[in-house]
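# Coordinates in review
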There are 2 protein chains.
Amino acid sequence: MAVLVPPDQEPLERQHVLRLEVGGAESNVACGLAALGHRVAWVSRVGDDPLGRRVLADLQGRGVDVRGVETDPDRPTGVYFKDTGPVGTGTYYYRRGSAATRMSPDLAKACHARLVHLSGITMALSDSCADLVAEIVVRRAVPGATVSFDVNHRPALWRHRDPATALLEPARRADIVFVGRDEAETLWGTVKTEEIRDLLAPAAVIVVKDAEHGATAYTADGGEVFVAAPHSRIVERVGAGDAFAAGYLAAHLEGRGPAVALRLGHLMAAAALATGGDVPTAPDRAELDRLLTLDEEEWSTLRLG
Amino acid sequence: MAVLVPPDQEPLERQHVLRLEVGGAESNVACGLAALGHRVAWVSRVGDDPLGRRVLADLQGRGVDVRGVETDPDRPTGVYFKDTGPVGTGTYYYRRGSAATRMSPDLAKACHARLVHLSGITMALSDSCADLVAEIVVRRAVPGATVSFDVNHRPALWRHRDPATALLEPARRADIVFVGRDEAETLWGTVKTEEIRDLLAPAAVIVVKDAEHGATAYTADGGEVFVAAPHSRIVERVGAGDAFAAGYLAAHLEGRGPAVALRLGHLMAAAALATGGDVPTAPDRAELDRLLTLDEEEWSTLRLG
């Protein structure tokens with residue numbers, strides 16, 4: 001998806017120039033994984049138009065395999081605008097009837113991977129997109145793949161349906177589920193992280209993110225690990241959750257435990273928080289690996305950005 | 001409508017920054033008329049969003065009365081992207097379900113004016129928008145107003161309907177109709193300007209534009225006036241037709257004859273051709289008025305920009 005981003009902190013309505021970038025939950029995660037050295041493909045649909053070509057070229061330039069992306073001759077590439085303000089970032093979507101809204105369970109056939117990552121944003125795009133998510137997360141259409149699901153509740157996309165019910169099933173059925181404590185409270189009225197764990201308990205790994213405080217991973221064996229987020233500079237929050245997921249999933253693919261995975265998630269999120277775009281410049285992998293080995297005290301006093 | 005414009009001649013798909021401007025056929029004409037010193041109001045619908053506020057502030061800053069514009073709490077402001085290339089400018093619309101698509105004949109009640117200008121683009125947005133155009137152009141819902149109609153054929157907006165039939169009736173029923181010779185050929189197979197005159201003959205004034213060659217006005221009394229376009233620098237063509245209409249209509253409102261009106265149309269179009277945005281910086285009115293009084297030979301050797 002193409003994203004138009006204000007170049008400074010002034011409101012969108014007063015801007016005269018916008019940066020043209022690429023964003024979207026799943027593609028952000030794909031870029032993060034590629035930046036961390038993993039082989040990754042993004043499967044979606046774009047329009048046969050300049051913004052679609054721009055999205056493909058950008059992702060390819062970041063090392064993401066886009067050969068499975070379908071080009072739609074009749075429907076446009078999705079677009080959204082960011083409005084960066086002091087009380088958070090407003091997002092204004094232009095994706096009604098976009099090429100991506102026509103994703104359907106057929107796309108699952110194109111997936112061959114050790115891990116498939118999906119988000120609640122894709123579910124919200126259309127009924128056929130929701131079917132695609134169910135096909136992969138619930139009906140396990142990609143044989144042998146670990147399935148990761150980020151709840152990613154975007155109220156603006158759910159105006160005419162109930163997200164609480166729709167998002168609960170894939171969240172429970174995933175192998176790894178990511179959810180913000182705040183969004184879980186909005187969706188399901190859960191206040192404490194333990195309540196979220198109990199609600200989503202069938203999921204093998206439940207990662208509850210609590211903004212700048214830190215994140216907790218609950219594992220199927222009853223394990224619980226909390227890792228505090230390092231202090232970091234915040235320019236703009238959109239994309240930080242996706243970067244966190246990329247870091248966590250990279251560590252998971254590398255066979256590391258949840259404590260290291262949470263750290264790598266935080267480090268990637270910090271890089272995203274420090275930029276106005278959705279996808280951060282890839283931090284140096286060797287430096288990231290060094291930070292993963294800090295002792296507890298060094299980690300707790302870490303300041304980034 | 002908000003417009004995203006590449007800042008240079010590179011293709012849209014390779015741009016990293018876009019200019020955020022305001023465009024759209026009727027609002028461009030309104031800006032042109034305001035720049036020429038006329039009282040003008042733009043009546044439309046925008047979303048309750050930053051791009052809608054930007055459109056209103058921009059038009060107001062150009063002297064256009066926007067008090068009659070409705071703000072829609074549920075639908076977004078329309079957007080389009082320009083892709084400036086060597087073989088013309090591509091336009092990519094994001095206005096499916098936009099606030100403006102919900103314009104309906106009710107809006108005609110808000111109009112009190114000596115002259116109302118509409119375009120075929122508005123007709124293409126939705127059935128209710130087409131009804132609004134019919135209400136004003138065919139059923140004359142604005143009492144006492146001269147009705148001006150620019151055919152403004154945009155193939156991308158007419159994929160599922162036949163523009164040839166839809167655009168013919170308002171073109172014939174207007175008091176002043178603007179049409180490009182090329183677009184008339186595409187729509188109706190007319191090759192010569194006289195054929196267009198015969199086809200649209202019920203219209204009181206028929207203005208046929210022939211790109212950079214010039215334009216012909218056919219009047220109800222059988223009059224025919226051709227005025228050659230002055231030589232001018234061409235940066236980008238979108239908006240030139242709207243600027244032409246603004247110039248012609250300004251002269252008409254000032255009680256001048258078709259020869260002067262065609263000249264003022266050409267001068268405004270030249271200003272639009274010299275800019276990448278839809279709405280040109282207003283040329284100095286005193287200088288324009290001086291150019292309107294040039295003798296034939298001086299006009300024929302005029303070079304602008």
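The structure under discussion appears in the preceding block.
Read on for an overview of the structure. (Residues numbered from 1 in each chain as written. Chains lettered and ligands numbered in written order. Predicted model: local features only at pLDDT ≥ 70, side-chain atom pairs only at ≥ 80, totals over all residues. Heavy atoms only, no water.)

### As for the overall build of chain A
Formally: Segments assigned H or I by DSSP are reported as helices when at least four residues long, segments assigned E as strands when at least two residues long, and all are numbered from the N terminus. The size measure is the radius of gyration over C-alpha atoms, and the globule rule it meets is 2.2 Å times the number of residues to the 0.38 power. Each residue is placed in one exposure class: buried if its accessible area under a 1.4 Å probe, protein chains only, is under 20% of its type's maximum, exposed if it is over 50%, and partly exposed if it falls in between. Residues count as neighbours in contact if any of their non-hydrogen atoms are within 4.5 Å of one another. For the area figures, the Shrake-Rupley method with a 1.4 Å probe applies, and any residue is considered shielded solely by the protein chains shown. Counting rule applied: Lys, Arg positive; Asp, Glu negative; His and chain ends not counted. For charged residues, the charge sits on one atom: NZ in Lys, CZ in Arg, CG in Asp, CD in Glu.
Counting its secondary structure elements, chain A contains eleven helices and 14 strands. Taken over the C-alpha trace, chain A has a radius of gyration of 18 Å; the compact-globule value for 305 residues is 19 Å, and the two agree within 12%. When its C-alpha atoms are laid out on the principal axes, chain A stretches across 55 × 45 × 35 Å. Counting over 305 residues, chain A shows a buried share of 56%. Here the analysis covers contacts within chain A between residues at least 6 apart in sequence; of these, 67% occur between residues at least 24 apart. Carbon and sulfur atoms make up 50% of the accessible area of chain A, which totals about 12,900 Å². Mean positive and mean negative side-chain charge positions of chain A (33 and 42 charges, respectively) differ by 3 Å.

### Topic: the interface of chain B and chain A
In plain terms, the rule: Accessible-area loss on putting two parts together, using a 1.4 Å probe and summing over both, is the definition of buried area adopted here. The rule for a salt bridge is simple: a side-chain nitrogen of Lys or Arg has to be within 4 Å of a carboxyl oxygen of Asp or Glu. Only Asp, Glu, Lys and Arg are considered charged, only Ala, Val, Leu, Ile, Met, Phe, Trp, Tyr, Cys and Pro nonpolar, and every remaining residue, Gly among them, polar. Following DSSP output, two strands are said to pair if at least two bridges run between them.
Each partner contributes to the interface: chain B provides 27 residues, whereas chain A provides 27 residues. Buried area between chain B and chain A, summed over both chains or domains, comes out near 2,500 Å², and the portion from carbon and sulfur atoms is 59%. By the criterion of area lost to chain A, the three top residues of chain B are E13, P50 and Y94 of chain B, representing 26% of everything that side buries. The partner of R53 of chain B in a salt bridge is E13 of chain A, and the shortest N-O contact between them spans 2.8 Å. If you list the elements that add at least two residues to the side of chain B that touches chain A, you get β2 (17-22), α2 (50-61), β5 (79-85) and β6 (88-94) of chain B. Tallied by class, the residues present in the side of chain B that touches chain A amount to 13 nonpolar, four polar and ten charged. For strand β2 (residues 17-22) of chain A and β2 of chain B, the ladder comprises three bridges, and the chain directions are antiparallel. Counterpart to L18 of chain A in the pairing with β2 of chain B is L18 of chain B.

### Things to note about the relation of the copies chain B and chain A
Mapping one chain copy onto the other needs a rotation about an axis and a shift along that axis. Condition: Each copy is superposed on the other by least squares, with the fit set by C-alpha atoms of residues at a pLDDT of at least 70 in both.
In screw terms, the move from chain B to chain A is a rotation of 180 degrees and a rise of 0.0 Å along the axis, fitting with an RMSD of 0.0 Å. Expressed as an axis order, the relation between the two copies is that of a two-fold axis. It is L18 of chain B whose C-alpha, among those of chain B, lies nearest the rotation axis, at 2.7 Å. Most of the interface of chain B is mirrored in chain A: 100% of its interface residues are interface residues there too.

### Section: the nonpolar core
Soluble globular proteins: nonpolar side chains tend toward being buried together. Note the threshold: Definition used in this section: a nonpolar core is a set of buried Ala, Val, Leu, Ile, Met, Phe, Trp, Tyr and Cys residues joined via side-chain atoms within 4.5 Å.
Counting residues in each nonpolar core, the largest one holds 51 residues, and the members touching the most others are W42, V64, V207 and Y248 of chain A. Of all the secondary structure elements, the ones that give two or more residues to this core are α1 (25-35), α2 (50-61), β9 (176-180), β10 (205-210), β11 (214-219), α8 (240-253), α9 (258-273) and α10 (285-292) of chain A. Once residues lying within four places of it in the same chain are set aside, the contact partners of Y248 of chain A are I176, F178, V205, V207, A217, P258, A261, L262 and G265 of chain A. Core analysis: the second largest hydrophobic core is formed by 49 residues, V40, V46, L262 and L291 of chain B among them.

### So, the pairing of strand β11 (residues 214-219) of chain B
Residue and element names in this part refer to chain B. Most of β11 is tucked away, with five of its six residues classed as buried. The sheet contact formed by strand β10 (residues 205-210) and β11 spans six bridges and is antiparallel. Along β11, the bridge assignment pairs V205 with T219. Counting the residues that bridge the hairpin from β10 to β11 gives three residues, and of these A211 lies at a positive phi of roughly 45 degrees. Across five bridges, β11 lies against strand β12 (residues 224-228) in antiparallel orientation. The residue of β12 that forms the bridge with G214 is A228. Taking the residues that link successive antiparallel strands as the turn, the β11-β12 hairpin has four residues, and the phi of G222 there is positive, at about 90 degrees.

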